[in-house]
Amino acid sequence: MDQCDSPGAGAQALTPCSVASRRWLTVVMLGVREVEVFEDSRARLLAIAYRLLGSASDAEDAVQDTFLRWQAADREYVETPAAWLTKVLTNICLNQLASARLKRESYVGQWLPEPILDGDRMLGPADTAEQRESVSIAMLTLMERLSPKERVVYVLREAFGYSHGEIAEVLDLSESNCQQIYRRAKQHLATGRTRVHVDAAAARKIVEEFLTAALSGNTDSLVRLLSDDAIHIGDGGGLVPSLAQPIVGALTVARFLRGSFKPTEHKRNMLGGGAPTFFAALANGVPAMVAVSGDRVVGVMTFDLTTDGVAALHTQVNPDKLTRATQQWATTNHNHPLLESW
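The following refers to the structure shown. (Residues numbered from 1 in each chain as written. Predicted model: local features only at pLDDT ≥ 70, side-chain atom pairs only at ≥ 80, totals over all residues. Heavy atoms only, no water.)

Regular strands place their side chains on alternate faces of the sheet. The buried count for strand β4 (residues 286–293) comes to eight of eight residues, which makes it a mostly enclosed element. Here strand β3 (residues 277–283) folds back onto β4, and the loop between the two strands holds two residues, one of which, Asn-284, carries a positive phi near 55 degrees. Alignment of β4 against strand β5 (residues 296–306), held across six bridges, turns out to be antiparallel. By the bridge assignment for β5, Met-289 is matched with Met-301. Hairpin geometry of β4 and β5 is characterised by an intervening segment of two residues between the two adjacent antiparallel strands and by a positive phi of about 65 degrees at Gly-294. (Buried < 20%, exposed > 50% of the residue type's maximum accessible area, 1.4 Å probe, protein only. Helix = DSSP H or I, 4+ residues; strand = E, 2+ residues; numbered from the N terminus. Pairing = 2+ DSSP bridges.)

Shown next as structure tokens:
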């Protein structure tokens, strides 16, 4: 009789083949469950990694590395998978943050985080003002001032509500040490500004008013929309011409924008080889103007709104940092464009 043949009617013994099959099925089912456990945490891990790294592609890589370590781990000794995954991811991000500082030194022009359009799960929770602010381009840019550990403590505390005790376990520090680090991070990030949160409809109105003022050539109308100490930062990564240094002051920013939005063939060619179409959107939880050429997002300008007006404009035109925005743009519905022929 072949090993895999049935032993006959009424027989209770399992054949070698049936035993092996059951063992294989058990292994497969265990593997499926472990993957499901990881997938239950994936969105949260992506949101943490993005806030820590400011890069969608780096965040994806960090989460993938975490998954590979999860697969290789002896999970019998993992009491709380979510906590284990957070600790592993955080350590991976800490290593990346250390090397990122060296990369920033050789970066061409101004460095800005990668913009993420509204609806992307990488943005994470947005129920509180602290959560929304922690993912804005303005705050992600400010967080570059922090040490890696300060950034981890701030993000886990502000955006995800971890207790100092939980953060201490993640970083292998004392709880009192984490509290001190958190206080330092808050001091480094304090701006004294009161930020304003708006919905999609209000965001469209703000962006439309801004674009109208920029295209009118009237500097005064732009100045009225900006705070006195407004700042404009652009990131082209050396691939697309952009600002070499930040521009500061309402009048200076307004004059620059007035010239920037005056259409020329040269500017059209820089933004994808044709006249871009401008849309209003939300990116990183704030109003944004999205420039689209063909099927590609070629620019995203975000507006940091405060009670004093637009305090900061961050313009991302580095094509390497617009890949995720382009992918998302292709799969979501948009409102009618603000300007179709520029």
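Close contact between helix α2 (residues 56–72) and helix α3 (residues 81–105) brings their axes to 9 Å; oriented N to C, the two are set at 130 degrees. Taken as axis vectors, α2 and α3 run oblique relative to one another. Judged by the twist between their axes, the crossing of α2 over α3 is right-handed. Of α3, the residues touching α2 (which contributes Asp-58, Ala-62, Val-63, Asp-65, Thr-66, Arg-69 and Trp-70) are Pro-81, Trp-84, Leu-85, Val-88, Leu-89, Ile-92, Cys-93 and Gln-96. For the contact of α2 with α3, the residue count by class is 10 nonpolar, two polar and three charged. (Axes fitted to C-alpha atoms, helices over the stretch in contact; angles between N-to-C directions. Parallel < 35°, antiparallel > 145°, perpendicular 65-115°, else oblique. Left-handed = near helix turned anticlockwise from the far one by under 90°. Contact = heavy atoms within 4.5 Å. Nonpolar A, V, L, I, M, F, W, Y, C, P; charged D, E, K, R; others polar.)

Here the structure, examined in full by the defined rule, presents six aromatic pairs. Centroid distance Phe-210 to Phe-303: 4.9 Å. Interplanar angle 85 degrees. Geometry classified as edge-to-face. Here the residue Phe-210 occupies a position in helix α9 (residues 200–216), and Phe-303 occupies one in strand β5, the gap between them amounting to 93 residues. Side by side, Phe-210 and Phe-303 carry an identical accessibility label, which is buried. Ring plane angle 45 degrees and centroid distance 6.2 Å describe the contact between Phe-261 and Phe-278, whose orientation is recorded as tilted. A residue pair is termed long-range when its members are at least 10 positions apart, and Phe-261 in the loop between α11 (250–260) and α12 (265–270) and Phe-278 in strand β3 qualify at 17 residues. The ring of Trp-70 carries the charged tip of Arg-75 above its face, separated from the ring centre by 5.4 Å. (Phe/Tyr/Trp six-rings, centres within 6.5 Å; stacked < 30°, edge-to-face > 60°. Lys NZ or Arg CZ within 6 Å of the ring centre and 35° of its normal.)

Okay, the packing of α3 against helix α6 (residues 148–158) next. For the pair α3 and α6, the least separation of the axes is 9 Å and the interaxial angle reads 140 degrees. The pairing of α3 with α6 is recorded here as oblique in orientation. The crossing of α3 and α6 is right-handed. In contact with Thr-86, Thr-90, Leu-94, Leu-97 and Arg-101 of α3, α6 contributes Pro-148, Lys-149, Arg-151, Val-152 and Leu-156. Each residue belonging to the contact of α3 with α6 can be placed in one class, and the counts come to five nonpolar, two polar and three charged.

Buried residues of helix α7 (residues 164–171): His-164, Ile-167, Ala-168, Val-170 and Leu-171, and no others. Angularly, the buried residues of α7 cover 160 degrees about the axis, an arc narrow enough to put them on a single face. If you follow the buried residues of α7, they end up packed against α3, α6 and α8 (175–189). Of the residues flanking the end of α7, it is Asp-172, one or two places downstream, whose phi is positive at about 60 degrees. (Arc of directions from axis to C-beta.)

That's the geometry; what it means functionally is another story.
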